[in-house]
Amino acid sequence: MAMMRIRRRHRERHRTNRIGWLRAAVLGADDGIVSTASLVAGVAAANATHEDVIAAAVAALVAGAMSMAAGEYVSVHSQADTEHADLERERRELSTDLQGERNELTAIYVRRGLDQALARQVADQLMAHDALGAHARDELGITEAARPRPIQAALASATSFACGAALPLIVTALAPTRYVIPLVCATSLVFLAVLGGVAARAGGAPIARGALRVTFWGALAMAVTAGIGALFGTIP
Ligand SMILES: [Zn+2]
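My aim in this report is to walk through the structure given alongside it, one point at a time. Worth saying up front: this structure is predicted, and the values here are computed from it rather than measured.

With respect to the overall build of the protein
Here's step 1: Helix and strand counts for the protein stand at seven helices and zero strands.
Here's step 2: Element order for the protein, N to C, with α for helix and β for strand: α-α-α-α-α-α-α.
Here's step 3: For 236 residues, the compact-globule estimate of 2.2 N^0.38 gives 18 Å, and the C-alpha radius of gyration of the protein, at 25 Å, exceeds that figure by more than 25%.
Here's step 4: Dimensions along the principal axes, computed over C-alpha positions, put the protein at roughly 80 × 45 × 25 Å.
Here's step 5: Taking all 236 residues of the protein together, the buried fraction comes to 34%.
Here's step 6: The contacts of the protein with a sequence gap of at least 6 include a subset with a gap of at least 24, amounting to 73%.
Here's step 7: Summed over its atoms, the accessible surface of the protein is roughly 14100 Å², and 66% of this surface lies on carbon and sulfur atoms.
Here's step 8: Averaging the positions of the 23 positive and the 21 negative side-chain charges in the protein gives two centres separated by 12 Å.

Observations concerning the coordination of the zinc ion
Here's step 1: Protein-derived coordination of the zinc ion comes from E90 (OE), E101 (OE), H135 (ND1) and E139 (OE), at a distance range of 1.8 to 2.5 Å.
Here's step 2: Here the zinc ion binds four donor atoms, and the angle range of 78 to 157° at the metal identifies the geometry as irregular.
Here's step 3: Coordination of the zinc ion draws on donor residues from a single chain, spaced E-x10-E-x33-H-x3-E in sequence. Highlighted residues: E101 in helix α3 (residues 98–111) and H135 in helix α4 (residues 116–140), separated in sequence by 34 residues. The exposure classification of E101 matches that of H135, with both residues buried.

Section: the environment of N103
Here's step 1: With respect to the helices and strands, N103 occurs in helix α3.
Here's step 2: In the structure, N103 is positioned 20 residues away from A123 in sequence and 8.4 Å away in space, judged by C-alpha atoms.

Topic: the pattern of salt bridges
Here's step 1: Tallied over the entire structure, the rule returns seven salt bridges.
Here's step 2: Taking the shortest distance from any N to any O, the salt bridge between E88 and R91 comes out at 3.3 Å. Of the two residues, E88 and R91 both sit in helix α2 (residues 50–96), three residues apart, roughly one turn of that helix.
Here's step 3: Each member of the salt-bridge network shares a partner with another, and the members are R112, R137 and D138.

Analysis parameters
Residues numbered from 1 in each chain as written. Predicted model: local features only at pLDDT ≥ 70, side-chain atom pairs only at ≥ 80, totals over all residues. Heavy atoms only, no water. Helix = DSSP H or I, 4+ residues; strand = E, 2+ residues; numbered from the N terminus. Rg over C-alpha atoms; globule rule 2.2 N^0.38 Å. Buried < 20%, exposed > 50% of the residue type's maximum accessible area, 1.4 Å probe, protein only. Contact = heavy atoms within 4.5 Å. Areas by Shrake-Rupley, 256 points an atom, 1.4 Å probe, with all protein chains shown as cover. Lys, Arg positive; Asp, Glu negative; His and termini not counted. Charge placed at Lys NZ, Arg CZ, Asp CG, Glu CD. Donors = N, O, S within 2.8 Å, 3.2 Å for Na, K, Ca; no water. Tetrahedral: all angles 85-135°; square planar, octahedral: opposite > 155°, others 65-115°. Salt bridge = Lys/Arg side-chain N within 4 Å of Asp/Glu carboxyl O.

Have a look at this one:
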């Protein structure tokens, strides 16, 4: 019985890691689809040539992917900077007030349910083994596995955006000129519904609601952009 519980928790922890990664990828792809499909609808509604619409879609993919990468890199890097500063402060505190740090760690283990004597023993042994590691993990919640990796995050974000944006771009390139708007909008809404459902399913939320939510906002973005494009198209 206990073994089954451990196995289930183990599976759950892995699932939680997977969900985080999947959700980030789906959100990036959603962004790519909505922003590129809306831009295509807007430029096409302004009576641009088919070639110009394709060029605008390619520019939207590249610009969007680069800005996602830049934004993700900056935000994850600032998180890494904060963690680094916390670790440096902890290292200083360990060198200036070892006894105080030992008491702090012991108190953490007591709060987690150990009795005082055992908590003291655990704190002593863990600090003897790797004092900074023990404090980083149990006091600051910093673990090697969850370390912020700005470059990986930037690449993952840019890739998921580019994959999303590639869908309306391909449809734009393949569609006959006069069907670009309806085909790009219709296929993009289907892609969004599928992605919304996948993200909801992965997060344990109702699939239909997840699909509907992202499809609604996608449709709104495309309609507003196409409307403004059509307005520009009427200006001689
Ligand atoms: Zn500490």
